[in-house]
Amino acid sequence: MGRVFVAGSINMDVVATADRHPRVGETVAGHEVFYFPGGKGANQAVSAAKLGAPTTLIGRLGTDAFGHDLKTFLAAQGVDLSYVTDTAGIHSGTAIITLANADNTIVVVPGANGFVSADDIATVALAKGDIAVSQFEIPLATISAFFNRARAAGATTILNPAPAIAFGAELLDLVDVLILNETELSLLAKTELRDSDEPARFIEAARALRGDRDMIVCVTLGKRGVVALADGKPLVVEGRAVKAVDTTGAGDCFVGAVAAQLAAGKSIRDALDYANIAASICVQRMGAAPSMPTAAEVKAFRRPGEGRAP
Ligand code: RIB
């Protein structure tokens, strides 16, 4: 079995629940405040680890109380933290989240995540069969350095370009599996997409973004499921009808699950089916990292005949 290495952000999510999101300039009364471990990198690492993949997180924390609590939580989830370092004089990554009707708005303040550098990944021992995962809450130059090392070692690279920003073709050239949602695809493929569009529209945009690269593109569509382009052929994974209470971290759950499945030698089709089930469990729980399911939970939640997931 390969291992999963995630280079990415670690945040404390400060979550306020309310009946609705405030409009600009408006104040609304909230109900509760939660402190949930989060950050796209940490969420993806927790997802992969809880689904059974040996998982290492590469990142940075401040030397504050949030940093201490995040480290304690991540270690308890079975994530290897040998490459998570403390940075003095800066706060740990913090996300301010408003949650209303299961949907969120997020302001993320990078803090120590902004200092994750090429030096931090320079000694990570990647090997053939490993999976290298990253997202856009750490500097892009660090992700390029990480993926260059992964490619040189024969590892598979997974990029989740979130939150979406325009980036250069040089980084895309280093990606084996691109996992993004429709908003990110719309921005990167420079085409207008709506979540009500037919799957063929997303496939067309994914094809345009892929160009002539040998890259798998997976587009997560929330409750509508997933469409993907693999070996030039479209794949569709149907969404699952569940009652969502908090969608924060569901995309990260999906990415971590795909990484864990590919590390275990599964095909992309099986990995997508499995990750779709995992994400549908995640949305039924509050919080980002604490809502990641275990492999036993995914197995129990699978419906008869659904996918080919174990
Ligand atoms: O993807 C969800 C994550 O985005 C949250 O946990 C928050 O920390 C932000 O980084």
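Conventions adopted
Residues numbered from 1 in each chain as written. Predicted model: local features only at pLDDT ≥ 70, side-chain atom pairs only at ≥ 80, totals over all residues. Heavy atoms only, no water. Helix = DSSP H or I, 4+ residues; strand = E, 2+ residues; numbered from the N terminus. Contact = heavy atoms within 4.5 Å. Polar contact = N/O pair within 3.5 Å; in protein donor to acceptor, adjacent residues only side chain to side chain. Pairing = 2+ DSSP bridges. Axes fitted to C-alpha atoms, helices over the stretch in contact; angles between N-to-C directions. Phe/Tyr/Trp six-rings, centres within 6.5 Å; stacked < 30°, edge-to-face > 60°. Buried < 20%, exposed > 50% of the residue type's maximum accessible area, 1.4 Å probe, protein only.

### A look at the environment of S291
Within the fold, S291 resides in the loop between α9 (268-282) and α10 (295-301). Distance from S291 to T247, taken between C-alpha atoms, is 9.8 Å for residues 44 residues apart in sequence. The contact partners of S291, leaving out residues within four places of it in the chain, are T248, C282, R285 and M286. At 2.8 Å, the side chain of S291 and the backbone oxygen of G287 are in polar contact.

### Some words on the sheet that holds strand β1 (residues 4-7)
In any sheet, the strands associate via hydrogen bonds between backbone groups, in a parallel or an antiparallel arrangement. An order of β5-β4-β1-β8-β9-β10-β11-β12-β13 is seen for the nine strands of this open sheet, with the pairing classed as mixed. Strand pairing shows two members of the sheet lacking a second neighbour, β5 (80-87) and β13 (233-238), which therefore form its edges. On average, each strand axis in the sheet is tilted by 15° relative to the strand beside it, whichever way the strands run. Relative to strand β4 (residues 55-62), β1 runs parallel, the two being bridged by four bridges. In the strand pairing of β4, F5 is matched with T56. Taken strand by strand, helix α2 (residues 65-76) contacts β4 and β5, and its axis lies near 170° from that of β4. The sheet contacts of helix α6 (residues 182-189) involve β9 (156-160), β10 (177-181) and β11 (216-220), and relative to β10 the element is tilted by about 110°.

### Section: the packing of aromatic side chains
Within this structure, the stated rule accounts for four aromatic pairs. Ring geometry for F136 versus F167: centroids 5.0 Å apart, planes at 80°, classification edge-to-face. Of this pair, F136 sits in the loop between β8 (131-135) and α4 (140-153) while F167 sits in the loop between β9 and α5 (169-172), placing them 31 residues apart in sequence. The same class applies to F136 and to F167, which are both buried.

### Focus: the pairing of β10
With respect to burial, β10 is a largely interior element, four of its five residues being buried. Strand direction decides the pairing type here: β9 and β10, joined by two bridges, are parallel. When the bridges of β10 are listed, I158 appears paired with V177. One ladder, built from five bridges, connects β10 with β11; its direction is parallel. Of the residues in β11, the one forming a bridge with I179 is C218.

Bear in mind that shape data such as this cannot, by itself, settle questions of function.
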